[in-house]
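Now for the letters of each chain:
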Amino acid sequence: MINLKQYGSQYVNWVLRLGKGRAALWGLFVLAILAILIQSLLSLIITGEIHTIDIFRSIGFGLISAPFVIYFFNLIVEKLERSRQRLAQSLEDLSILREQDARLNAELEQQAEFLRAFFNVSPDLVFYRDDKGHFLSCNRAMEILTGKSEKELINSTPYEIYPEDTAKLMMETDRDTLAMNTTFTYEQWIRHPNNKLSCFEIRKVPYYDPLSDRHCIMGFGRDITERKRYQEVIEKNSRDKSTLMATISHELRTPLNGIIGLSRILLEGELSHQQREYLKTINISAVSLGHIFSDIIDLEKIDSRRIELFRSEVEFSQLISDISHFANLMAEQKKIKFHIQYEENLPNFIYVDNARLSQILWNLVSNAVKFTPEGGDIYLNIVRRDNDHFDFILRDTGIGIPANEQRKIFAMFYQAENSQTKKAQGSGIGLAISKRIAKLMGGDLTVESEVNQGSTFTLSIQANEVKAKKAMKINTHSLKVLLVEDIEVNVVVARAMLEKFGCEVDVAMTGKEAFEYFEKAQNSYDLILLDIQLPDTTGFEIANKLRERYEEGSVDYLPLLVALTANIIQTKEEYQQQGMDDVLRKPLSLEALSDCLNDYFDEGFSEAHSQHSDLQNFCQIKPVVVEQEVIKAKTSSIDSVILSELVDVMGKQAVLANLELFARLMPDYLNSLTNALKLWKQTNSAESRKQTADEAHKIKGALASVGLIKLQEIAQLAQMDDSEEWDLNIEKWTVEIQNQWQKDLALAVDWVEKSA
Ligand code: ADP
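Note that this is a predicted model, so its numbers are computed, not measured.

Novice: Help me understand the overall build of the protein chain in this model?
Specialist: The helix and strand tally for the protein chain stands at 23 helices and 18 strands. In the protein chain, of all internal contacts separated by at least 6 residues, the share reaching a separation of at least 24 is 65%. Counting only carbon and sulfur atoms, one obtains 55% of the accessible surface of the protein chain, whose full area is about 41100 Å².

Here it is, written out as structure tokens:
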């Protein structure tokens, strides 16, 4: 076999050496000789003699067949040769590839080495764990933190390395990272083997390892202990500064109010011209000083985003008179004319933070005076936009603000270029603070202006009208009402009010129950009052499902759907867009409910109208008797208007029982809030954040229903989780509610017990 191969390759070489032509001639010659020899041999063996004709015949046969045979052989030779050449080429390529491979391997090794060194010199923790929490790899910083070598760490879980609660949080966050399949960052305190505690900002990244076909966690941790401690110091300093500011403010305001009040009284009396001018200056300087001081205090609060509102009843006419007074005095000094205009439909009383409102108006008026040349005009127009929204539009005829600066003037410390000459007169903080307060008041502050033509600032605010001061009639509406509300104290209040109007009330505390009642009553409800946040759904979802059923034709009648909300910011239209017919605000007021029932179910109303003289049909609500002492309590923590209305509607004992119910339920509500907050602090997840805000919203509704106004405002801030302010303060607000609610509740109980 080997010989054959050798002969084959010798033949190939021989053909290649001779060339195809010559090899063919040789082949022909050899074949002819072979043919003669074989033919002669065969003739000799078979017949015993050699015939010349046979020799010629075999030569002829050889000559005919030789070209084919030779062609065939040459073809094979050629193919073989080509394969041999390809093989040789492949071998050469292979050896080049091998060389390259070896070089790449060396480079890879070098890079791996470099990466390893890179990770190891990093002061940040780097680790890699599988989905069961086993360490797969880590860097030197990790070894230092744990006091174990990488070898010892590999295959162990956090439970074998850290204390139980540290390990638990690590495993939980690993799980969350893998479940959510997104990068996850949180802060964690970890104890070193030498007992030192460090705070790490840990970032976990999910990673699918295709080699081992499993999900893993890549982790990075940065030591932020210094930053944390520094932050704590800053926060403490800030708290100390605030306390100092608050003290100074209080100390300063008392004498300042004395100066303002007394100078104003004096201004109304008999004075010589010069005395009047001096007194005006004293008055306006004191007012200005007070507002400048408020701006400065707010400047500090705006940093920590802690501006709070303290609403109280304010008489609109008094408000207008105050604005006119200081605006006139200011304008007069520059011979500017101040004009004020307001509509007839302004309410007698509104519920607003008077000090804040005048702080904004003072800022606007003093700017208008500052930037309007002598002899100019300033116009203030007060408009009631809807039931509880008011606009204060201040127009001046001054230097105006270029279009490209109009947004910037609301930034802190910004002063427009064309007003630079007035720089000495301003601080650049008034508008920034005013806008922020306007937003807190559920409104905004905007500007329209043209250079050299003047500016128009529009301050819009939300403020409820205070109506309890007038006698109100109660019309009987024998309606069937489904109240969907999960906070018991709110249920008690709403049910009592509805029953006062003669309504028959069913109460559902979840979405599921609501639908069960709806089915059971066979669509006989006239009105459904829907709380927005329910344990299993939202009021909007219920409203929309009912609407769908009605549109599909599976029910032939749709009751009136009214939202019950503690949210003051959304407008009625926004509620209507989400499936409601109307909205009632919490705390539910008898008057608002009465207006709503009268508006939609007016047979009872017309009937009552026709018997106008019959006082039996009217329930006279006593005007609220508010003592001086009580006003103080109310402005600080409880709302006497609500409490007095509740006493009128439900009776003293029922209100006290409701306050008791609130006291029983509040610890549970607070528990849920603190648990949600704890989870948020540990995980920083969006879900726990929303849960915390939802719990705060629930608490806000309950606080509103029992008239704890100050805490209600804090809970209002705690439910709005869409700002940085929330992140900074949610813990503080929670603690404040926790520490304060029992004291405020005691005040409310006291108020109710003493009420007539
Ligand atoms: P300042 O104390 O400087 O008045 P503000 O925050 O109140 O600070 O105002 C910021 C800037 O906005 C002012 O410096 C001025 O450039 C511009 N501005 C405010 N009100 C007016 C106005 N009525 N007319 C023209 N420019 C104004």
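Novice: What should I look at first to understand the sheet that holds strand E2 (residues 135–138) in this one?
Specialist: Two modes of strand pairing occur in sheets, parallel and antiparallel, and in both the strands are linked by backbone hydrogen bonds. Spatial strand order, E2-E1-E5-E4-E3: 5 strands in an open sheet with antiparallel pairing. Here the strands that pair on one side only, and so sit at the sheet edges, are E2 and strand E3 (184–191). Neighbouring strand axes in the sheet, compared pairwise and without regard to direction, differ in orientation by 30° on average. Here strand E4 (residues 197–209) runs beside strand E5 (residues 214–223); their pairing, made up of 10 bridges, is antiparallel. The partner of Arg203 across the bridge, within E5, is Phe220. Seen against the sheet, helix H6 (residues 164–180) touches strand E1 (125–130), E3, E4 and E5 and runs at an angle of roughly 165° to E3.

Novice: Could you clarify how one ought to interpret the confidence of the model for the protein chain in this entry?
Specialist: It should be kept in mind that the predicted coordinates are not to be read in detail where pLDDT is low. Residues at a pLDDT of 70 or more form 89% of the protein chain, whose mean pLDDT is 82. Here residues 603–635 is modelled with pLDDT under 50, and outside its nearest four sequence neighbours on either side it reaches 43 contacts, counting other chains as well.

Novice: Would you explain the pattern of salt bridges in this entry?
Specialist: Two side chains with opposite charge may pair up if their charged atoms get near one another. A complete count under the given rule lists 25 salt bridges for this structure. Two residues, Asp174 and Lys204, come together in a salt bridge whose shortest N-O distance is 2.6 Å. Residue Asp174 is found in helix H6, and its partner Lys204 is found in strand E4; the two are separated by 30 residues along the sequence. For the residue pair Asp174 and Lys204, the accessibility class agrees, reading buried in each case.

Novice: Would you explain the sheet that holds strand E16 (residues 527–531) in this entry?
Specialist: The parallel open sheet is built from 5 strands, whose spatial order is E15-E14-E16-E17-E18. Each edge of the open sheet is held by one strand with a lone partner, namely strand E15 (504–508) and strand E18 (582–585). Neighbour-to-neighbour, the strand axes of the sheet open up by a mean angle of 25°, direction not taken into account. Bridge count for strand E17 (residues 560–565) against E18 is 4 bridges, and the pairing is parallel. When the bridges of E18 are listed, Leu564 appears paired with Leu584. Strands strand E14 (480–484), E15 and E16 of the sheet are contacted by helix H13 (residues 511–520), whose axis makes an angle of about 140° with E15. Packed on one face of the sheet, helix H16 (residues 590–600) meets E16, E17 and E18 and runs near 160° to E18.

Cut-offs used in this document
Residues numbered from 1 in each chain as written. Predicted model: local features only at pLDDT ≥ 70, side-chain atom pairs only at ≥ 80, totals over all residues. Heavy atoms only, no water. Helix = DSSP H or I, 4+ residues; strand = E, 2+ residues; numbered from the N terminus. Contact = heavy atoms within 4.5 Å. Areas by Shrake-Rupley, 256 points an atom, 1.4 Å probe, with all protein chains shown as cover. Pairing = 2+ DSSP bridges. Axes fitted to C-alpha atoms, helices over the stretch in contact; angles between N-to-C directions. pLDDT = per-residue confidence, 0-100. Salt bridge = Lys/Arg side-chain N within 4 Å of Asp/Glu carboxyl O. Buried < 20%, exposed > 50% of the residue type's maximum accessible area, 1.4 Å probe, protein only.

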